[in-house]
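Report on the structure
So the chains spell out like this:
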Amino acid sequence: MTPPHKHMSEEKELVCYCFSYSRQEIREDAVTHGRSTIMERIMAESKAGGCNCAARNPKSR
Amino acid sequence: MKSTDKITPCACEGGLCSLSAPDGPKKISVRQIGLGLAGLAVWYALYSQLLPFSNFFAYQLLGLDQGSRLGAATQFFVYDTPKVMMLLTLIVFVVGMIRSFFTPERTRKILAGRRESAGNVLSALLGVVTPFCSCSAVPLFIGFVQAGVPLGVTFSFLIAAPMVNEIALVLLYGLLGWKIALLYMVTGLAIAIVAGWVIGRLKLEHHIEDWVRDLRMAEHVMVEEKLSWHDRMRMGGTAVKDIVGKVWIYVVAGSGGNRRHPHVLQRGRHRAGGAGPAQQGRGPGHGAGLHDERHRPVAARDGDPAQGAETDPDRGLYRRGRRRHHVHRLSFQYDCVRQELRSQETGVRSQET
């Protein structure tokens, strides 16, 4: 359950800038599948060299 | 990419499914071992010849004077740039291969059910070698909580992973020596272990959102791909290409920038009137090196710190500084004695009168 003080924009805030996953999408994915399939996809993409957090993330990491 | 297809969970033992590598043998072959050893021998042969080559290049080929600033700076640049690049390439390749053994899935399995303290230490160590970026930080946290990894242990992992970086470790070793590199690693690990332990003691589990806690109850399956040695070597090569390809320019700029160092060093020594602890290990022959080619402080070769200086001007500066120091001390002692004698003389005169 999302706490009432959390704003919708905060929920849509991107966590993964490489593949555009927001906090809400990560939560919905984990609730739907019982595990984080997003993480599995991110890991697979990272192995394939598709992840580039240093360039895409505003915090450069 | 963003499909939400439901993946059918398998019933593998321990919740960790292993998928075989599509191609390549699982065990390392004799040919691969031979190639690896041959590569290591070539690397070592090249590495050991860097110092003689840099001396030859700077002082014989270019004909620069050994005592000159330009000669020392050129020798340092020719020696240090390939040295750091070679160390970086080797370590990044090895770490890339090691990382292939510690996937997030396997790390999660290792840490599941671990108690605090030992779990904090283990997770901090695993944090250094497990590859993950900011994209996977939140899903990884969810996965750890789901697998029953204590919150403090999870945070030790999450703190250590970005804090202790193997590339920074190699650069520190190459540029500043093993003591600084060790200090960096030990400090980073200590912070991660202590912070994770404190978070664990604070019992903050009730702050985890309900939906994440509910996932603990749900069935979870981790899928891990089994890699062949060929795949691991390829991953090591990819890491080298990716990381060395990004940082080489900074290594060259850093080594080039240090060309000023010998001059600054001499001025610093001259001003200090001697070789203080901070200056003793820095011989212009090594440019910015805090240590010699065997990673020992240059001044520690024998009892005389002036031996650490590699050029005659340096020795001269050091000895002049020492002489000046002795003269000042003798002068001070002389003043004290003279003052004492005067006061005694005054006392005797007053008694006579």
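**Let's talk about the overall build of chain B**
- Secondary structure summary: chain B contains 14 helices and two strands in total.
- Across the 353 residues in chain B, those meeting the buried criterion constitute 38%.
- In chain B, 72% of the contacts between residues at least 6 apart in sequence involve partners at least 24 apart.
- When the accessible area of chain B is evaluated, it comes to approximately 19,900 Å², of which 63% is carbon and sulfur surface.

**Description of the overall build of chain A**
- Helix and strand content of chain A: four helices and two strands.
- Each helix (α) and strand (β) of chain A, taken in turn from the N terminus, gives the series α-β-β-α-α-α.
- The burial tally for chain A puts 43% of its 61 residues in the buried class.
- When contacts within chain A are restricted to residue pairs at least 6 apart in sequence, those whose partners lie at least 24 apart make up 26%.

**Quick notes on the packing of aromatic side chains**
All names here are of chain B.
- Scanning all chains against the criterion turns up four aromatic pairs over all chains.
- Where phenylalanine 53 meets phenylalanine 57, the ring centres are 6.0 Å apart and the plane angle is 35 degrees; that geometry is what we call tilted. Of this pair, phenylalanine 53 and phenylalanine 57 both sit in helix 2 (residues 50-61), four residues apart, which is roughly one turn of that helix.
- Residue phenylalanine 53 is classed as partly exposed on the basis of its relative accessible area, which comes to 42%.
- Assessed through its relative accessible area of 24%, phenylalanine 57 is described here as partly exposed.
- Stacked on the ring of phenylalanine 101, the Lys or Arg arginine 232 has its end atom at 3.9 Å from the ring centre.

**Quick word on helix 7 (residues 151-163) of chain B**
- Spanning 13 residues, helix 7 of chain B covers 18 Å between terminal C-alpha atoms, matching the ideal 18 Å at 1.5 Å per step.
- Residues of helix 7 of chain B that are buried in the fold lie against helix 4 (104-111), helix 5 (118-129), helix 6 (134-146) and helix 9 (178-201) of chain B.

**Points about the packing of helix 1 (residues 30-48) of chain B against helix 3 (residues 69-99) of chain B**
Residues and elements named next belong to chain B.
- Closest axis-to-axis distance for the helix 1/helix 3 pair is 11 Å, and the angle between their directions is 160 degrees. In terms of orientation, helix 1 and helix 3 fall into the roughly antiparallel class. Helix-helix and strand crossings are classified by hand; for helix 1 and helix 3 the assignment is left-handed. Residues Leu40, Trp43, Leu46 and Tyr47 of helix 1 touch helix 3, and the partners they reach there are Lys83, Met86, Leu87 and Leu90.
- Classifying every residue of the contact of helix 1 with helix 3 gives seven nonpolar, no polar and one charged.

**Describing the nonpolar core**
- Core analysis: the largest hydrophobic core is formed by 31 residues, its most contacted members being Cys16(A), Tyr21(A), Ile42(A) and Cys135(B).
- Those elements giving two or more residues to this core turn out to be strand 1 (14-16), helix 2 (23-33) and helix 3 (37-47) of chain A together with helix 6, helix 7 and helix 10 (210-217) of chain B.
- If you tally residues by element for this core, the top one is helix 6 of chain B, at six residues.
- Discounting residues that sit within four places of it in the chain, Cys135(B) has contacts with Val15(A), Cys16(A), Tyr17(A), Cys18(A), Ile42(A), Cys51(A) and Cys53(A).
- Membership of the second largest hydrophobic core comes to 19 residues, among which are Tyr47(B), Met85(B), Leu87(B) and Val244(B).

**Regarding unusual backbone geometry**
- In this model, Ser20(A) sits at a positive phi of 55 degrees, which is unusual for a non-glycine residue.
- Within the element layout of this structure, Ser20(A) appears in the loop between strand 1 and strand 2 (21-22).
- Residue Ser20(A) is classed as partly exposed on the basis of its relative accessible area, which comes to 34%.
- Despite not being glycine, Lys203(B) shows a phi value in the positive range, around 50 degrees.
- Looking at where Lys203(B) falls in the secondary structure, it is placed in the loop between helix 9 and helix 10.

**Notes on the environment of Phe102(B)**
Residues and elements named next belong to chain B.
- Among the structural elements, phenylalanine 102 can be located in the loop between helix 3 and helix 4.
- Using a relative accessible area of 26% as the deciding quantity, one classes phenylalanine 102 as partly exposed.
- Sequence separation between phenylalanine 102 and valine 129 is 27 residues; the distance between their C-alpha atoms is 6.8 Å.

**Some points on the pattern of salt bridges**
Residues and elements named next belong to chain B.
- Considering all chains together, one arrives at one salt bridge over all chains under this definition.
- With its nearest N and O atoms 3.4 Å apart, the salt bridge here joins aspartate 80 to lysine 83. On the criterion of helical spacing, the pair formed by aspartate 80 and lysine 83 is a turn pair, its members being three residues apart in helix 3.
- Exposure remark for lysine 83: the relative accessible area of 5% places this residue in the buried category.

**Here's the deal with a nonpolar patch on the surface**
Residue and element names in this part refer to chain B.
- The grouping of Ile28, Ile33, Leu37 and Leu40 at the surface amounts to a nonpolar patch, some 350 Å² of accessible area in total.
- Within the element layout of this structure, isoleucine 28 appears in the loop between strand 1 (16-19) and helix 1.
- With a relative accessible area of 33%, isoleucine 28 lands in the partly exposed category.

**Some details on the confidence of the model for chain B**
Residue and element names in this part refer to chain B.
- For chain B, per-residue confidence averages 71 on the pLDDT scale, and 61% of positions sit at 70 or higher.
- The weakest mean pLDDT in chain B belongs to helix 13 (residues 277-280) at 39; the strongest belongs to helix 9 at 92.
- For the stretch residues 1-16, pLDDT sits under 50, and the model shows 31 contacts to residues farther than four places along the chain or on other chains.
- Between residues 260-310, whose pLDDT stays under 50, and residues either more than four places distant or in other chains, the model counts 93 contacts.

**Focus on the environment of Thr81(B)**
Residues and elements named next belong to chain B.
- Mapping threonine 81 onto the fold places it in helix 3.
- Distance in space between the C-alpha atoms of threonine 81 and glycine 256 is 8.3 Å, their sequence separation being 175 residues.
- Apart from residues lying up to four places away in sequence, threonine 81 is in contact with Phe76, Val251, Val252 and Ser255.

How each quantity is defined
- Each chain has its residues counted from 1, following the order in which its sequence is written.
- Starting at A for chains and at 1 for ligands, labels are handed out in the order in which the entities are written.
- Two thresholds apply to this predicted model, a pLDDT of at least 70 for residue-level local features and 80 or more for giving and counting side-chain atom pairs, whereas whole-chain, interface and lining totals are computed over all residues.
- Only heavy atoms go into the side-chain values, all of them from the structure, while hydrogens and water stay out.
- Comment: elements are numbered from the N terminus, with helices defined as DSSP H or I runs of at least four residues and strands as E runs of at least two.
- For each residue, the accessible area found with a 1.4 Å probe, counting protein chains only, is set against the maximum for its type, and the residue is called buried under 20%, exposed over 50%, and partly exposed in between.
- Only heavy atoms matter for contacts: two residues are in contact if any of them lie within 4.5 Å across the pair.
- Each accessible area is a Shrake-Rupley result for a 1.4 Å probe, and residues are judged covered by the shown protein chains and nothing else.
- For Phe, Tyr and Trp, rings pair up if their centres lie within 6.5 Å, where Trp contributes its six-membered ring, and each pair is then called stacked (planes under 30 degrees apart), edge-to-face (over 60) or tilted (otherwise).
- Counting as a charge over the ring demands two things of the Lys NZ or Arg CZ atom: a distance within 6 Å of the ring centre and an angle within 35 degrees of the ring normal.
- Expected span of a helix, by definition, is 1.5 Å for each gap between consecutive residues, and there is one gap fewer than residues.
- Note on method: axes are straight lines fitted to C-alpha atoms, helices fitted across the in-contact stretch only, with angles between N-to-C directions ranging 0 to 180 degrees.
- When describing relative orientation, an angle under 35 degrees is termed roughly parallel and one over 145 degrees roughly antiparallel, while 65 to 115 degrees is termed roughly perpendicular and anything else oblique.
- Whether a crossing is left-handed or right-handed is set by the direction in which the near helix is turned from the far one by less than a right angle, anticlockwise for left-handed and clockwise for right-handed.
- Side-chain classes follow a simple rule in which Ala, Val, Leu, Ile, Met, Phe, Trp, Tyr, Cys and Pro form the nonpolar group, Asp, Glu, Lys and Arg form the charged group, and the remainder, Gly included, forms the polar group.
- The term nonpolar core refers to a set of buried residues drawn from Ala, Val, Leu, Ile, Met, Phe, Trp, Tyr and Cys, joined through side-chain atoms within 4.5 Å.
- Salt bridges are identified by distance alone: a Lys or Arg side-chain nitrogen within 4 Å of an Asp or Glu carboxyl oxygen.
- Residues enter patches when they are more than 30% accessible in relative terms and free of salt bridges; like-charged ones are connected within 9 Å and nonpolar ones (Val, Leu, Ile, Met, Phe, Trp, Tyr) within 5 Å.
- pLDDT is a residue-level measure of predictor confidence that goes from 0 to 100.

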